[in-house]
Amino acid sequence: MTEPAAGGPAPVRILVCDDHVVVRAGLLALLDSAPGIEVVGEAGTGEEALALSARLAPDVVLMDLQLGAGIDGVETTRRLTTGAPITGTATTGAPTAGTGRAPHVLVLTTYDTDADITRAIEAGATGYLLKAERPEELFAAIHAAAQGRTALSGPVAGRVMANLRKPRPALTDRERDILAQLATGLGNREIARALFISEATVKTHLRRIYDKLGVDTRAGAVAVAKEQRLLP
């Protein structure tokens, strides 16, 4: 890390969260050479990131989406940005305590599906970068995120704009009813009971909903529905 000039701005304090040790080591080495950036901690799980963030108070958390066992990057992002209560201990054994200031979260991942992007942004991520970006782009995005400015990889920005421009999917009233029930976390059987239809009918409508929204999972359907403002 390049030291700031005397009287200059303090470096951006970074916490890196990635479950791959080799990837994490590479990021730490890369960020150590970046001007105006200081890595204050590293985490391999979402739970560890929450605990370390509460203790270290980073300006930005560099967050992977897939974190193996435990909570994923999206849920970790949501808890970080909403200031959800954090209890437990960090890997050093020091007790954690909330700092009262939520860090900005910059997603750094290999995943660029519409559903992943939507979920991360809705969870409160300030930016969304792909791991294929050049180091200079990553450094610039970190500084932007620290100031609360949106930072998106070119391909991600293109997908976001394309989604904003395309017309909303035309769902039937019944499909909207099922989608609304889906968003509450109900399973097929519970949805069938709530709407007084058969479970087979629910499955048929779900297939049509998935096709119209261009997804293949329940979480993806709900994410796209929220993005497209298809839910009440």
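Residues numbered from 1 in each chain as written. Predicted model: local features only at pLDDT ≥ 70, side-chain atom pairs only at ≥ 80, totals over all residues. Heavy atoms only, no water.

1. Quick word on the pairing of strand β3 (residues 60-63)
- Across the two faces of β3 the burial is the same, with Val60 and Leu62 and Val61 and Met63 all buried.
- Direction of pairing for β3 relative to strand β4 (residues 104-109): parallel, over a ladder of 4 bridges. Paired with Met63 across the strands is Val107, a residue of β4. (Buried < 20%, exposed > 50% of the residue type's maximum accessible area, 1.4 Å probe, protein only. Helix = DSSP H or I, 4+ residues; strand = E, 2+ residues; numbered from the N terminus. Pairing = 2+ DSSP bridges.)

2. Considerations on the pairing of β4
- For β4, a buried count of 5 out of 6 residues is recorded, marking the element as mostly surrounded by other parts of the structure.
- Bridge analysis of β4 against strand β5 (residues 127-130) gives 4 bridges, and the strand direction is parallel. Considered in β5, the bridge of Val107 is made with Tyr128.

3. Considerations on the confidence of the model for the chain
- The pLDDT averaged across the chain works out to 85; a share of 86% of its residues lies at or above 70.
- Per-element confidence in the chain is highest for β3, whose mean pLDDT is 97, and lowest for helix α6 (residues 154-165), whose mean pLDDT is 76.
- Contacts for the low-pLDDT stretch residues 87-99, under 50 throughout, to residues beyond four places or in other chains number 24 contacts. (pLDDT = per-residue confidence, 0-100. Contact = heavy atoms within 4.5 Å.)

4. Describing helix α8 (residues 188-195)
- Those residues of α8 that fall on the buried side of the exposure criterion are Asn188, Ile191, Ala192 and Leu195. Looking down the long axis of α8, one finds its buried residues gathered within 100 degrees of arc, a one-sided arrangement.
- On its buried face, α8 sits against α7 (173-183), α9 (199-213) and α10 (218-227).
- Two residues or fewer past α8, Phe196 is found with a positive phi of approximately 60 degrees. (Arc of directions from axis to C-beta.)

5. Some words on the environment of Leu80
- Mapped onto the elements, Leu80 comes out in helix α3 (residues 73-82).
- Of the residues examined, Leu80 reaches a relative accessible area of 4% and is grouped as buried.
- Between the alpha carbons of Leu80 and Val61 there is a distance of 8.9 Å; along the sequence they are 19 residues apart.
- Apart from residues lying up to four places away in sequence, Leu80 is in contact with Ala49, Leu50, Ser53, Val61, Met63, Ala102, Pro103 and Val105.

6. Some words on the packing of α7 against α10
- Two numbers describe how α7 lies on α10: the axes approach to 10 Å, and their chain directions differ by 110 degrees. Classified by the interaxial angle, the pair formed by α7 and α10 is roughly perpendicular. From α7, Leu179, Leu182 and Ala183 reach across to α10, where they touch Arg218, Ala221, Val222 and Ala225.
- Tallied by class, the residues present in the contact of α7 with α10 amount to 6 nonpolar, no polar and 1 charged. (Axes fitted to C-alpha atoms, helices over the stretch in contact; angles between N-to-C directions. Parallel < 35°, antiparallel > 145°, perpendicular 65-115°, else oblique. Nonpolar A, V, L, I, M, F, W, Y, C, P; charged D, E, K, R; others polar.)

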